[in-house]
Amino acid sequence: MAKVAILGYGTVGSGIYDVLTTNSDTITVKAGEPVEVKYVLDLREFPGDPVGEVLVHDFQIILNDPEVEVVAEAMGGLKPAYSFAKASLEAGKNYCTSNKELVEKHGAELVALAKEKGKNFLFEASVGGGIPIIRPMLQSLTADRITSITGILNGTTNYILSKMSRQGLAFDTVLKEAQDLGYAERNPAADVEGFDACRKIAILASLAFGKDVDYENIYTEGITQITDTDFKYANKMGMSVKLFGDAREERGDVYACVAPMLVDMEHPLYAVNGVYNGILVEGNKVEKLMFFGSGAGKLPTASAVAADVVEAVKFKNTNLPIYWSAEKLELSDFGTSTKRFFVRVAGTLAEKKAMCEAAFGPCEYVTVDGLEDEFALVTQTISENKFAQAAKKVEGMITKIRLA
């Protein structure tokens, strides 16, 4: 019988306990032996909860128990998760986590330590919640050279943008609704400013390209400047706005960014709405693959961690190779990457068209009934740097959104 310890009994941790205990028969078959939760670590007490029978408050109890072969962590943050992960692996225990901050910051180091110890550091739930994406990249796509990954990686922002698109509501209105429903935190900055998606695309980029990508080097733009007026134009154009995390290789350069993007109906991620996530992976041979599902939530995330636990039990003394070097990947200058840009401009098209074309060259123009004091244009494909220089020549520019 394999003994497991769970670190943290919050939303995800309690979900892991639920999955491992409720689905024990199925897990036994798939793991090849029974899996038992021997400990759950948390500082709190849970009167009346069955977890009380296995609850402990001292990590050293888990660390020093040779029966514990797998540690499943759902605490979040770097402290004490990093020290717990490192100590567990050094003690010869497999470590499974949903902690994106830990994986993004120390993933390469912990993968190397697990290899050294002949154990596994597994983190399927750190990017897509319940969506299997890490394991397919590591096992099913090993013969392909991944050329790009584009994802809707945050359910909160996708919910907000979907509601704005469908109902014509303002950002602040939908954000409050998302908070009331529990989809957004009281302090939503990590979601709406794009930081959560940035950590996730950093992990995916590291695995896709084999070298460590630092999320702090990724251009990041959130959705706080997107307005209901932007969606009036998007609807007129048959498009929608999504927050994308994107990493791609182009002619030897590797670019990464998180930013709102206008997508048309032909784009595979156009129809991913609400709190769902979607990830589009492109390979040089397999071409396009789509992964879709619940990117967060108690049970979807817990299910992914539990699946890692099963994998760790099956291969408890065999290191599963993960190609993630600690060598830093130098991202190319984002300013040299190219896109088309949607731009709103105050004034009338008749007054400003010559000025806009002097700045951007030939453009496509969009007007919306009821918006008589502004218009929009779509540029040709130009670099970020050239756009920034051209934008200085346009008086009354309101906002810009890139086109995917």
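The paragraphs below set out a description of the structure included in this document.

Rules used throughout
Residues numbered from 1 in each chain as written. Predicted model: local features only at pLDDT ≥ 70, side-chain atom pairs only at ≥ 80, totals over all residues. Heavy atoms only, no water. Helix = DSSP H or I, 4+ residues; strand = E, 2+ residues; numbered from the N terminus. Rg over C-alpha atoms; globule rule 2.2 N^0.38 Å. Areas by Shrake-Rupley, 256 points an atom, 1.4 Å probe, with all protein chains shown as cover. Lys, Arg positive; Asp, Glu negative; His and termini not counted. Charge placed at Lys NZ, Arg CZ, Asp CG, Glu CD. Buried < 20%, exposed > 50% of the residue type's maximum accessible area, 1.4 Å probe, protein only. 1 Å grid on protein atoms, 1.4 Å probe; cavity = no way out; pocket = protein on both sides within 12 Å on 5 of 7 lines; lining within 4 Å. Points joined across faces, edges and corners; volume = space filled by probe spheres on them. Nonpolar A, V, L, I, M, F, W, Y, C, P; charged D, E, K, R; others polar. Polar contact = N/O pair within 3.5 Å; in protein donor to acceptor, adjacent residues only side chain to side chain. Contact = heavy atoms within 4.5 Å. Salt bridge = Lys/Arg side-chain N within 4 Å of Asp/Glu carboxyl O. Patch = residues over 30% accessible without salt bridge, like charges linked within 9 Å, V, L, I, M, F, W, Y side chains within 5 Å. Axes fitted to C-alpha atoms, helices over the stretch in contact; angles between N-to-C directions. Parallel < 35°, antiparallel > 145°, perpendicular 65-115°, else oblique. Left-handed = near helix turned anticlockwise from the far one by under 90°.

**Let's talk about the overall build of the protein**
In step 1: Each helix and strand in the protein was counted, giving 15 helices and 19 strands.
In step 2: Here the C-alpha atoms of the protein give a radius of gyration of 23 Å, agreeing with the 22 Å that 2.2 N^0.38 yields for 404 residues.
In step 3: Here the C-alpha coordinates of the protein stretch approximately 75 × 45 × 35 Å along the principal axes.
In step 4: Carbon and sulfur atoms make up 49% of the accessible area of the protein, which amounts to about 17500 Å² in all.
In step 5: Between the centroid of the 42 positive side chains of the protein and the centroid of its 55 negative side chains there is a distance of 3 Å.

**Points about helix 12 (residues 228–236)**
In step 1: Residues of helix 12 that are buried: Thr 229, Asp 230, Phe 231, Tyr 233 and Ala 234.
In step 2: A positive backbone phi angle near 70 degrees is found at Gly 238, which sits one or two residues after helix 12.

**Let's talk about the layout of surface pockets**
In step 1: Estimated volume of the largest pocket: approximately 1100 Å³.
In step 2: Lys 100, Glu 185, Asp 196, Ala 296 and Gly 297 are the residues nearest the centre of the largest pocket, which is lined by 38 residues in total.
In step 3: In terms of residue count, the dominant contributor to the lining of the largest pocket is helix 6 (residues 125–128) (four residues).
In step 4: The residue inventory of the lining of the largest pocket, partitioned by class, reads eleven nonpolar, 19 polar and eight charged.
In step 5: Within this model, the second largest pocket holds a volume of roughly 250 Å³.
In step 6: Of all the secondary structure elements, the ones that give two or more residues to the lining of the second largest pocket are strand 10 (239–250), strand 12 (276–283) and strand 15 (338–346).
In step 7: Split by residue class, the lining of the second largest pocket holds six nonpolar, three polar and seven charged.

**Topic: the side chain of Arg 344**
In step 1: Tracing the chain through its elements places Arg 344 in strand 15.
In step 2: A residue is classified by how much of its surface remains accessible, and Arg 344, at 7% relative accessible area, is buried.
In step 3: Of the polar contacts made by the side chain of Arg 344, one reaches the side chain of Thr 227; its length is 3.4 Å.
In step 4: Discounting residues that sit within four places of it in the chain, Arg 344 has contacts with Thr 227, Thr 229, Asp 230, Tyr 233, Glu 374, Phe 375, Ala 376, Gly 396, Met 397, Ile 398 and Thr 399.

**A word on empty space enclosed by the protein**
In step 1: The full count for this structure, using the stated rule, is one cavity of 30 Å³ or more.
In step 2: Forming the walls of the largest cavity are Asp 246, Arg 248, Glu 250, Tyr 255, Ala 256, Cys 257, Phe 334, Ser 337, Thr 338, Lys 339 and Glu 384.
In step 3: Those elements that place two or more of their residues in the lining of the largest cavity are strand 10, strand 11 (253–264) and strand 15.
In step 4: For the lining of the largest cavity, the per-class residue count stands at four nonpolar, two polar and five charged.

**Some remarks on the pattern of salt bridges**
In step 1: Per the counting criterion, the structure on display carries 24 salt bridges.
In step 2: In this structure, Asp 196 engages Lys 100 in a salt bridge whose closest nitrogen and oxygen atoms are separated by 3.0 Å. Placement of the pair is Asp 196 in helix 11 (residues 195–209) and Lys 100 in helix 5 (residues 100–117), with a sequence separation of 96 residues.
In step 3: When salt bridges with common partners are traced through the structure, they connect Lys 3, Glu 36, Lys 38, Asp 65 and Glu 67 into a single cluster.

**As for a nonpolar patch on the surface**
In step 1: Nonpolar side chains collect at one region of the surface, where Leu 181, Tyr 183, Val 275, Tyr 276, Met 290 and Phe 292 lie side by side and expose about 550 Å² of accessible area between them.
In step 2: With respect to the helices and strands, the residue Val 275 is situated in the loop between strand 11 and strand 12.

**Points about the packing of helix 2 (residues 24–31) against helix 13 (residues 298–314)**
In step 1: One can describe the packing of helix 2 onto helix 13 by two numbers: an axis separation of 9 Å at closest approach and a directional angle of 40 degrees. As far as their axial angle goes, helix 13 and helix 2 are oblique. Crossing of helix 2 over helix 13 shows right-handed handedness. Contacts between helix 2 and helix 13 involve Ile 27, Lys 30 and Ala 31 on the former and, on the latter, Val 310, Val 313 and Lys 314.
In step 2: Its residues assigned to classes, the contact of helix 2 with helix 13 comprises four nonpolar, no polar and two charged.

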